[in-house]
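# Report on the structure
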Amino acid sequence: MSIPPGKAATRPSGTRIVGRALTCAVFALAGLLFYISAQTARGTDLRTDNSLLSLGDVVRQRSSQNQQAQAQLADLQARAQQLTESQGHDPADTARLDGLRLGAALEPLQGGGLTVTLNDAPPNATARIPGVPEPGVNDLVIHQQDIQAVVNALWRGGAEGVQVMDQRLVSTSAVRCVGNTLLLQGRVYSPPYVVKAVGRTDALRTAVDADPTIRNYLQYVQAYGLGWKVQESGDLTLPGYSGTTELRSTGGQP
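Here goes a summary of the coordinates provided. Please read these numbers as outputs of a predicted model, since none were measured by experiment.

### What about unusual backbone geometry?
Omega for the bond connecting Pro191 with Pro192 falls within 30 degrees of zero, at 5°, which places this linkage in the cis form. Tracing the sequence through the fold places Pro192 in the loop between strand S6 (187–189) and strand S7 (193–198). At Met165, a residue that is not glycine, the phi angle is positive and equals roughly 55°. Looking at the secondary structure, you find Met165 in the loop between strand S2 (161–164) and strand S3 (167–168).

### Overview of the environment of Val162
Note that Val162 resides in strand S2. For the pair Val162 and Val198, spaced 36 residues apart in sequence, the C-alpha separation works out to 6.7 Å. Once residues within four sequence positions are removed from consideration, Val162 is found in contact with Val151, Leu154, Trp155, Gln167, Arg168, Leu169, Val195, Lys196, Ala197 and Leu238.

### Side note on the nonpolar core
Among the nonpolar cores identified, the biggest contains 33 residues, and Leu154, Val162, Val164, Leu182 and Val195 are the most heavily contacted of them. Mapped onto this core, the elements with two or more residues apiece are strand S1 (109–119), helix H4 (144–156), S2, strand S5 (181–184), S7, helix H5 (201–210) and helix H6 (212–224). Counting residues per element, this core draws most heavily on H4, which supplies six residues. For Leu154, the contacting residues outside a window of four places in its chain are Leu114, Ala159, Val162, Val195, Ala197, Leu204 and Val208.

### So, the sheet that holds S3
Read across the open sheet, the five strands follow the order S3-S2-S7-S1-S8; overall the sheet is antiparallel. Of all strands in the sheet, those bounded by a partner on one side alone are S3 and strand S8 (227–238). Direction of pairing for S2 relative to S3: antiparallel, over a ladder of two bridges. Bridge assignment links Gln163 to a residue of S3, and that residue is Arg168. Across the face of the sheet, H5 comes into contact with S1, S7 and S8 while running at roughly 25° to S1.

### Focus: the pairing of S5
The pairing of strand S4 (residues 175–178) with S5 spans four bridges and is classified as antiparallel. Within the sheet, the bridge partner assigned to Cys177 lies in S5 and is Leu182. Linkage of S4 to S5, two consecutive antiparallel strands, is achieved through a turn of two residues, within which Gly179 is found at a positive phi near 65°. By the bridge criterion, three bridges tie S5 to S6 in an arrangement that is antiparallel. In the strand pairing of S6, Leu184 is matched with Arg187. Hairpin connection from S5 to S6: two residues lie between these consecutive antiparallel strands, with Gln185 at a positive phi of about 50°.

### Looking at the packing of aromatic side chains
A full pass over the atoms with the stated rule returns two aromatic pairs. Ring geometry for Tyr220 versus Tyr224: centroids 6.0 Å apart, planes at 50°, classification tilted. Here Tyr220 pairs with Tyr224, and both are found in helix H6, just four residues apart, close to one helical turn. With relative accessibility at 5%, the residue Tyr224 sits in the buried group.

### Comments concerning H5
Within H5 the residues assigned to the buried category are Thr201, Leu204, Ala207 and Val208. Seen along its axis, H5 keeps its buried residues to an arc of 135°; they face one direction. At its buried positions, H5 is contacted by S1, H4, S7, H6 and S8.

### Comments concerning the packing of H4 against H5
Between H4 and H5, whose axes approach to 8 Å, the crossing angle comes to 135°. On the basis of the axis angle, H4 is oblique to H5. The hand of the H4/H5 crossing is right-handed. Where H4 approaches H5, its residues Ala153, Leu154 and Arg156 are matched on the opposing element by Leu204, Ala207 and Val208.

Rules and cut-offs
- Residues numbered from 1 in each chain as written.
- Predicted model: local features only at pLDDT ≥ 70, side-chain atom pairs only at ≥ 80, totals over all residues.
- Heavy atoms only, no water.
- Helix = DSSP H or I, 4+ residues; strand = E, 2+ residues; numbered from the N terminus.
- Contact = heavy atoms within 4.5 Å.
- Core = buried A, V, L, I, M, F, W, Y, C linked by side-chain atoms within 4.5 Å.
- Buried < 20%, exposed > 50% of the residue type's maximum accessible area, 1.4 Å probe, protein only.
- Pairing = 2+ DSSP bridges.
- Axes fitted to C-alpha atoms, helices over the stretch in contact; angles between N-to-C directions.
- Phe/Tyr/Trp six-rings, centres within 6.5 Å; stacked < 30°, edge-to-face > 60°.
- Arc of directions from axis to C-beta.
- Parallel < 35°, antiparallel > 145°, perpendicular 65-115°, else oblique.
- Left-handed = near helix turned anticlockwise from the far one by under 90°.

Take a look at the structure:
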């Protein structure tokens, strides 16, 4: 079959037009991609963008929320206590309940005792003793084991109650550190760290002085200037624990 002369003459011209159109489209698409990439690179710094919360930001946010929740819980507990007292109970049952609440650290405690304060060294601290190496970052800050050693020593010394910062410790309390901050019962604290205990002052001080971990800490106090202060008091008042007493498992089992 022969091809009509008119159509044979126009086909190459149509092919060139389509090819040029496709070429222009490819260049236009490439330009659009380059533009979008440039705008994205200028618009977001993945390392310093303030919209990305650091771990410390998350901890502080949760601490604030927990503090508000604890205040609400304390208010509800006070209302429940008022309602309970208004109903009337047998005096023997009331006395037994009061004793259990006192033993569980749910009631304020007053008496003589010790106040122990720990603090980080100055940020520009250097060795204070000849022959001691210059400190590293970890040598100048309070660690979890330092606070825990003080708490443990006070319990061994017969403390009737212990308070860390503004919170009373109970059987489920755990002292943890996140970076250079203390995490206690859902709230975050910065140094100086204050630990108070009600009990026989002489027995408490003896237990603190005899603790090997505290003795090791005191070497850093002398070498690098970490803060350490022990004060005796004849009249300390520890608040009652106001948080939840519910036990929870994090093991994933029902």
